Amino acid sequence: MSECYTKLPELITGDRMFYNCTAFTGLAEYDATDFAKIKTGEQMFYGCENLLEFNYKTEHLTKAKEMFRQCVSLTNIGNYVASHSNISNFSKVTDGHMMFKDCYKLKYFYTDLSSLATSSQMFEGCYELAHFYCSLKSLKESNQMFKDCKKIASCHTNLSSLENGSSMFEDCKDLKTFEADENMDKLIYGQNMFKNCSSL
């Protein structure tokens, strides 16, 4: 299946809905409201190797564990155009464990993660991710969040609630700038947080 000819405006649970649909490229007739009511999307697009982008309204989504894992062609999440600023709003997502793991081509990430609490290995292996500007004010655990993001050059965020930052940026060899809006007063575990960040 390369395209899905349907609309999904009432969908609430999408766990494993398109799991391992390796030829799936997205919904054939694009409508930003297709996932507007979805609350859980764990492993929803896991292994969709031909999915290129995701620009849908998702303001009710809370659970997104492994949602896009191994979407190896995915390049864009969200839309930076001002008129579409509400697209791909992940503002209520609390669990982002491995959400984008091994999305090798993901370059652009424009969305809100202000409710995210746990993000272990969220972007691990996203080799092309270059910049990350997003509030993480609720994040408590970020083990290996950006590990092996070899091209990420700058990170501007808020980590005021972070307790465990173990290996968060390990092996991010191009990271030159890290800027936190507030002090990380709650950080307890920081081992290997910036290990092998040779440009920092």
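Our structure's up above, just so we're on the same page.
Residues numbered from 1 in each chain as written. Predicted model: local features only at pLDDT ≥ 70, side-chain atom pairs only at ≥ 80, totals over all residues. Heavy atoms only, no water.

Another point: the overall build of the protein. Looking only at helices and strands, the protein has 0 helices and 8 strands in total. Traced from its N-terminal end to its C-terminal end, the protein shows the element sequence β-β-β-β-β-β-β-β. Partitioning the intrachain contacts of the protein with sequence separation of at least 6 by distance along the chain shows that 43% fall at a separation of at least 24. (Helix = DSSP H or I, 4+ residues; strand = E, 2+ residues; numbered from the N terminus. Contact = heavy atoms within 4.5 Å.)

Residues Phe 45, Phe 68, Phe 100, Phe 123 and Phe 146 are the most contacted members of the largest nonpolar core, which totals 50 residues. If sequence neighbours within four positions are ignored, Phe 146 has contacts with Phe 123, Leu 129, Phe 132, Ile 152, Met 168, Phe 169, Glu 170 and Cys 172. (Core = buried A, V, L, I, M, F, W, Y, C linked by side-chain atoms within 4.5 Å. Buried < 20%, exposed > 50% of the residue type's maximum accessible area, 1.4 Å probe, protein only.)

Time to look at a negative patch on the surface. Where like charges cluster on the molecular surface, the negative patch consists of Glu 179, Asp 181, Glu 182 and Asp 185. Tracing the sequence through the fold places Asp 181 in the segment after β8 (177–180). (Patch = residues over 30% accessible without salt bridge, like charges linked within 9 Å, V, L, I, M, F, W, Y side chains within 5 Å. Areas by Shrake-Rupley, 256 points an atom, 1.4 Å probe, with all protein chains shown as cover. Salt bridge = Lys/Arg side-chain N within 4 Å of Asp/Glu carboxyl O. Lys, Arg positive; Asp, Glu negative; His and termini not counted. Charge placed at Lys NZ, Arg CZ, Asp CG, Glu CD.)

This part covers the pattern of salt bridges. Opposite charge on two side chains makes pairing possible when the charged atoms of those side chains draw close. The final tally for this structure, using the stated rule, is 7 salt bridges. Salt-bridge contacts for Asp 102 lead to Lys 101; the nearest nitrogen and oxygen are separated by 3.3 Å. The same class applies to Asp 102 as to Lys 101, namely buried. Close ionic contact of Asp 148 with Lys 147 constitutes a salt bridge, the shortest N to O distance being 3.6 Å. Among the residues examined, Asp 148 registers a relative accessible area of 17% and is labelled buried. Accessibility expressed as a relative area gives 14% for Lys 147, which makes it buried.

In this sheet, strand β7 (residues 154–157) lies alongside strand β6 (residues 131–133) in parallel orientation, the contact comprising 3 bridges. Among the inter-strand pairings, His 131 is bridged to a residue of β7, identified as Ser 154. Across 4 bridges, β7 lies against β8 in parallel orientation. Across the sheet, Thr 157 pairs through a bridge with Ala 180, a residue of β8. (Pairing = 2+ DSSP bridges.)

Mapped onto the fold, Tyr 189 is located in the segment after β8. Assessed through its relative accessible area of 45%, Tyr 189 is described here as partly exposed. Residues Tyr 189 and Asn 143, 46 residues apart in the sequence, show an inter-C-alpha distance of 9.5 Å. With residues up to four places along the chain from it excluded, the contact list for Tyr 189 reads Glu 163, Asn 164, Gly 165 and Ser 166.

What follows is about the sheet that holds strand β5 (residues 108–109). Ordered by their spatial adjacency, 3 strands build an open sheet running β3-β4-β5, and the pairing between neighbours is parallel. Each having just a single partner strand, β3 (53–54) and β5 make up the two edges of the open sheet.

Taken in spatial order, the 3 strands of this open sheet run β6-β7-β8, and their pairing is parallel. Only two strands of the sheet have a single partner each, and these edge strands are β6 and β8. Averaged over all neighbouring strand pairs, the angle between strand axes comes to 5°, with direction disregarded. (Axes fitted to C-alpha atoms, helices over the stretch in contact; angles between N-to-C directions.)

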